[in-house]
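Close look at the chain arrangement
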Amino acid sequence: MKVLKFGGTSLKNADKFLHVSDIITNDIKKEQLAIVLSAPSKITNYLVKMTNHKINNDEISNNIQEIKYIFNNIVNDIYQKKPKFLYQPIIQLINDQLIQLKKIIYSVQILKTCPKNIYAFIVSRGEILSIAIMEAILTEKNYAVTIINPIKKLLSTGDKLDSIVDIEQSSINIESIKIPKTNIILMPGFIAGNKKKELVVLGRNGSDYSAAILAACLKARKLEIWTDVDGIYTCDPRIVLNACLIKKISYQESMELSYFGAKVLHPKTIFPIMKFNIPCIIKNTNNPKGEGTLISNTNNLIEKIDSIPASITGITHLNDVIMLNISSLEIKNIPKVTNRILSSIEKHKIWIMLLTQSSSESNLNFCILEKQLSKTIYILKNEFQLEIKNNLVSPIKIIKKLSIISIIGKKIKLQSNIFSKIFSVLNHHQVKILAIAQGSSDHTISIVINEKYTMHSIKAIHEKIFNDNQVMEIFLLGIGGVGKVLLSQLKKQINYLKRKKIQIKICGIANSKKLLLNLQGIDLNAWENNFYKSNLLFDFQEIKKILKNNYIQHPIIIDCTSSQIIADQYIEFLSSGFHVVTSNKKANTQSYEYYQTIRKTAFVFQKKFLYETNVGAGLPIIENLQKLISTGDKFLHFRGVLSGSLSFIFGELDNNTSFSNATIKAKKLGFTEPDPRDDLSGIDVARKLLILAREVGYKIELNDIKIESILPKYFDAISDINQFMVELKKLDNLFYKKFNQAKKFGKVLRYVGIIDLSGECQVRIEEIDENDPLYKIKNGENALAFYSQYYQPMPLVLRGYGAGNNVTAAGVFSDLLRTL
Ligand code: ADP
Ligand code: ASP
Ligand code: MG
């Protein structure tokens, strides 16, 4: 014998009903089956709404219409596919049930209250209709069916809306039905009957419990709970998309998980099956071939998947929680105050979800469900009547809209760093922990936080505990040469970095016109196509909203533009929680005030601001300079060839190439900007020099740098680039002269950036002899010579290609890794 339970999610529509009937009839050949069904999803919610006596007639009609619509659709669609299906009697049954329901609800309105037996009747209509429909489907397939009436057979005690079933008596009751071995047994879930044979219910989501009871009563070999997920996960997979499926779990732990909020299983389900040692499998109706989760008497907590620490099973949450605080300086004089609270409240079946007290007993916090607040306050006021009257107890403080997040595992407090992991991750996301407690069973740690932070916090804690990868969420601005190459470098390295436990997600790619967004990570094989199809516009305010509303661990903005508008937003990027990596020089060369504000903001918000490629592209200049200064070296002066294009042009002169031809060649080889005047003006070199000077501590502005432009002033007036190239020839003679003059003394010409001993900065053409480290710098190479207290008389020289998309993108990439 096997018991199968299908939840509301498995009975949403006609196709699902027929699919479930196929699962049943495919399985019937091997052994007898007993089937427990819930109401189709949403039905119970509509029914619950109608138990409120304050509901108005319109709302009643709407709810009834919705229920009718769902059931009629199911029945009509089944009839379309199965013409022999007993359509008429079922439609009649639906109508009768709804008419009866309406009458009862109107009487509730008149009564101005909904007694529990009426409540139980109303909310259980869905299960009754599910069974009638399934009986008709199976009959149409020529299977014989026996229906167990749970009102008569499942003897229950306790609250009529949250009953407990007496398994021993119920087994005897069920045994008394002589069920033919070949019949399929059907039973509506959620429902039982008390001693007076009155209909009661087992609590919301209680069909799981019904199925466990039936499995125990029928001494079933196995229980299967069919739902809409592949089994029990380390966290609700609808919240944490990368939650891991737990293949095997013990009764104890599955009980803890469900008790603390894993909706996939009702908390009462485990006890009956554990008592009779019946294994239970959670399976997905949409994926019947999946293995599911086996709940059994196993010590094997969790299959040892590399990324999952062996002793943490999962994370759950409960919403609609309220925390009550009772405190007083006198409270320690009240005998056994904690006991009195616990016993008075628990006597009334109020669930104290968590309790903490100060060691002096002068302060007590405990959590209950919001729906039990008024009852609890009433009980407490009664219990502490005397103390309240004599001002021994302060007024009870109430904090609403909270949630409890629980981390469940084996001997959890022995888990290394578990508390520090929770604290650090919540601190990182600025979530305040209002209370923390360790469950009596040693299997659970629960924390109380404000409900609005629940989703973020669950995701963050799950990530911290189950994923030891360091995640980076990247928003790339600018997809010109450097941006594009960076994307292809990232694509190439993603798997390598994954092996090193660094997970890179490109969440956004933007240029000045468009934005492509995917928080799960853009597919780098297809980004270009998807980018051009995207109709989102880049707007940082939207990205900010995304950051606020989603769990993002390590957001980084990479600026590969040369845009002033983007550079002006760095302070906002940093203060909104992004690290900033940039190859754009504009921010660092703005006013010194802005330069400083960026750094202060990065410091205050604990974000990295990295710009290694601002000087010398991929060469590790800024980082080394910072290290030098941090370790106590004193900067003295600097000389360097800071421009790849000018290194090329001046190097060509050494080969007797004319100045104009050298420039044409540099342009052809892609060493210059599209308009070579941008290089020849010297402004770009001045910008780099400014960044270096500020880096070593000089408070200077771009205007303070003396620039010797390579071009005479009149070149400014030439607007046409072709005309400019022609005019350039007129400079050839001048440069021949300068070159030959230098050559006479064994020197060459170089375009050099200088910071002298007094901090004065200049950019100029210099004659350089062979002892100078810049003498051999040509072909687009950069060289930077730092003279410092430690590095003299020979300077520290950094030399290499200082321009080009590949090296610049690689420099940005390495900055990216330095944000971790
Ligand atoms: P049914 O209608 O089949 O009873 P439920 O909605 O009651 O389905 O339960 C299934 C849902 O439980 C899943 O869709 C999932 O969102 C939720 N859930 C919560 N926690 C977990 C968990 N740890 N593992 C799997 N599912 C979970
Ligand atoms: N239909 C009931 C509910 O929604 C019982 C169940 O689905 O388990 O709570
Ligand atoms: Mg359920």
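Reference entry: report on the structure contained in this document.

Conventions and cut-offs
- Residues numbered from 1 in each chain as written.
- Chains lettered and ligands numbered in written order.
- Predicted model: local features only at pLDDT ≥ 70, side-chain atom pairs only at ≥ 80, totals over all residues.
- Heavy atoms only, no water.
- Helix = DSSP H or I, 4+ residues; strand = E, 2+ residues; numbered from the N terminus.
- Rg over C-alpha atoms; globule rule 2.2 N^0.38 Å.
- Buried < 20%, exposed > 50% of the residue type's maximum accessible area, 1.4 Å probe, protein only.
- Contact = heavy atoms within 4.5 Å.
- Areas by Shrake-Rupley, 256 points an atom, 1.4 Å probe, with all protein chains shown as cover.
- Pairing = 2+ DSSP bridges.
- 1 Å grid on protein atoms, 1.4 Å probe; cavity = no way out; pocket = protein on both sides within 12 Å on 5 of 7 lines; lining within 4 Å.
- Points joined across faces, edges and corners; volume = space filled by probe spheres on them.
- Nonpolar A, V, L, I, M, F, W, Y, C, P; charged D, E, K, R; others polar.
- Core = buried A, V, L, I, M, F, W, Y, C linked by side-chain atoms within 4.5 Å.
- Polar contact = N/O pair within 3.5 Å; in protein donor to acceptor, adjacent residues only side chain to side chain.
- Near = heavy atom within 4 Å.
- Axes fitted to C-alpha atoms, helices over the stretch in contact; angles between N-to-C directions.
- Parallel < 35°, antiparallel > 145°, perpendicular 65-115°, else oblique.
- Left-handed = near helix turned anticlockwise from the far one by under 90°.
- Salt bridge = Lys/Arg side-chain N within 4 Å of Asp/Glu carboxyl O.

**Quick notes on the overall build of the protein**
Of the regular secondary structure elements, the protein holds 30 helices and 30 strands. The C-alpha radius of gyration computed for the protein amounts to 37 Å, which surpasses the reference 28 Å derived for 820 residues by more than 25%, pointing to a less compact arrangement than a globule. C-alpha atoms of the protein, sized along the principal axes, occupy 120 × 75 × 55 Å. Counting over 820 residues, the protein shows a buried share of 54%. Sequence-distant contacts in the protein: of pairs separated by 6 or more residues, those separated by 24 or more amount to 72%. Carbon and sulfur atoms provide 51% of the accessible area of the protein, an area that totals close to 37600 Å².

**Structural notes on the pairing of strand β1 (residues 2-6)**
Here β1 lies mainly inside the structure; five of its five residues are buried. Residues K2, L4 and F6 point to one face of β1 and V3 and K5 to the other, with burial holding for every one of them. Relative to strand β9 (residues 222-227), β1 runs parallel, the two being bridged by five bridges. Looking at the pairing, L4 lines up with E224 of β9. Here β1 pairs with strand β2 (residues 33-37) via five bridges, running parallel. Paired with K5 across the bridge in β2 is V36.

**What to know about empty space enclosed by the protein**
Under the definition given, this model contains two cavities of 30 Å³ or more. The computed volume of the largest cavity comes to approximately 50 Å³. In this structure, the largest cavity is lined by L653, N656, T657, S658, F659, D732, F735, Y736 and F739. It is helix α29 (residues 732-744) that provides the largest number of residues to the lining of the largest cavity, a total of four residues. Considered class by class, the residues forming the lining of the largest cavity number five nonpolar, three polar and one charged. Those elements that place two or more of their residues in the lining of the second largest cavity are α2 (43-49), α3 (57-81), α4 (87-111) and α6 (125-140). Of the residues contributing to the lining of the second largest cavity, the split by class is seven nonpolar, two polar and one charged.

**Considering the layout of surface pockets**
Size it by volume and the second largest pocket reaches roughly 1100 Å³. What lines the second largest pocket is a set of 36 residues, and nearest its centre among them are V482, K585, E673, D684 and N805. Of all the secondary-structure elements, those providing two or more residues to the lining of the second largest pocket are α17 (481-499), α24 (644-653), α26 (677-680), α27 (683-695) and α30 (805-818). Sort the elements by how many residues they give to the lining of the second largest pocket and α27 lands first, with four residues. The class makeup of the residues in the lining of the second largest pocket is eight nonpolar, 20 polar and eight charged.

**Observations concerning the nonpolar core**
Here is a general trend for soluble globular proteins: nonpolar side chains tend to be buried in one another's company. Ranked by size, the top nonpolar core spans 76 residues in total, and within it Y570, L692 and F786 carry the most contacts. Those residues in contact with F786 that lie beyond four places of it in its chain are I621, L625, F635, H637, F638, L692, Y791, P795, L796 and L798. Grouped together as the second largest cluster of nonpolar side chains are 56 residues, I23, I67, L98 and L199 included.

**Notes on the pairing of strand β25 (residues 635-641)**
A large share of β25 lies buried, amounting to six of its seven residues. Two strands pair when backbone bridges link them, and β25 and strand β27 (residues 748-755) are joined in this way by three bridges, in the antiparallel orientation. Across the sheet, the residue bridging to F638 is I755, located in β27.

**Some remarks on unusual backbone geometry**
Of the consecutive residues Q792 and P793, the connecting peptide bond is found in the cis state with omega at 5°. Summarising the element assignment, P793 is placed in the loop between β29 (781-788) and β30 (796-801). Phi at K197 takes a positive value of approximately 60°, unusual for a residue other than glycine. Mapped onto the fold, K197 is located in the loop between β7 (191-193) and β8 (199-201). Positive phi, normally seen in glycine, also occurs at N277, with a value near 50°. Along the chain, N277 falls in the loop between α11 (270-275) and β11 (280-284).

**With respect to the side chain of H443**
On the secondary structure map, H443 appears in the loop between β17 (435-438) and β18 (444-450). Judged by relative accessible area, which is 16%, H443 ranks as buried.

**With respect to the environment of S130**
Within the element layout of this structure, S130 appears in helix α6. We classify S130 as buried; its relative accessible area is 0%. Along the primary structure S130 and L386 are separated by 256 residues, whereas in three dimensions their C-alpha atoms are 53 Å apart. Setting aside residues up to four positions removed in sequence, S130 forms contacts with L11, F17, L37, S38, A39, P40 and F71.

**Re the side chain of E31**
Assignment of secondary structure puts E31 in the loop between α1 (14-27) and β2. Polar side-chain contacts of E31 include one of 2.6 Å to the side chain of R221. Beyond its immediate chain neighbours, meaning those up to four positions away, E31 contacts M1, K2 and R221.

**What about the sheet that holds strand β21 (residues 515-517)?**
What the six strands build is an open sheet, ordered β21-β20-β19-β22-β23-β24; its pairing is mixed. Only two strands of the sheet have a single partner each, and these edge strands are β21 and β24 (609-610). Inspection of the sheet shows strand β19 (residues 470-477) paired to strand β20 (residues 502-510) by eight bridges, in the parallel sense. Bridge pairing in β20 places F475 opposite G508.

**Regarding the site of ligand 1**
The environment of ligand 1 is formed by 19 residues, the closest being T9, T227, D228, D236 and K263. Between ligand 1 and the protein, one listed contact pairs an oxygen atom with a side-chain N or O atom of K263 at 2.9 Å. Within the shell around ligand 1, the residues separate by chemical class into eight nonpolar, six polar and five charged.

**Some words on the packing of helix α23 (residues 621-630) against α27**
Between α23 and α27, the least distance of the axes is 10 Å, while the angle of their chain directions is 20°. By the angle between their axes, α23 is roughly parallel relative to α27. For the pair α23 and α27, the crossing hand works out as right-handed. Facing α23, whose interface residues are I621, I622, L625, Q626 and I629, α27 presents I691, L692 and E695. For the contact of α23 with α27, the class distribution of residues is six nonpolar, one polar and one charged.

**Comments concerning the pattern of salt bridges**
When the charged atoms of two side chains lie near each other, side chains of opposite charge can form a pair. Overall, the coordinates contain 31 salt bridges when judged by the stated rule. As a salt-bridge pair, R799 and E781 come within 3.0 Å of each other at their nearest N and O atoms. Of this pair, R799 sits in strand β30 while E781 sits in strand β29; the two residues are 18 residues apart in sequence, bridging distant segments of the chain. On the accessibility criterion, R799 (46% relative accessible area) is partly exposed. Members of the salt-bridge network, linked through shared partners, are K2, D27, K30, K222 and E224.

**Here we look at the sheet that holds strand β15 (residues 363-369)**
The strands making up a sheet associate through hydrogen bonds between their backbones, and the pairing can be parallel or antiparallel. Pairing in this open sheet of six strands is antiparallel, and the strands run β14-β15-β13-β16-β18-β17 from one edge to the other. Looking at the sheet topology across the chains shown, the edges are occupied by β14 (354-357) and β17. When the angles between neighbouring strand axes are averaged without regard to direction, this sheet yields 30°. Its contacts with the sheet place helix α10 (residues 251-259) against β13 (312-327), β16 (397-409) and β18, and it is angled at close to 45° to β13. Here helix α16 (residues 454-466) sits on the sheet and contacts β13, β16 and β18; the angle it forms with β13, its principal contact strand, is near 135°.

Purely geometric stuff here, so don't read any function into it on its own.
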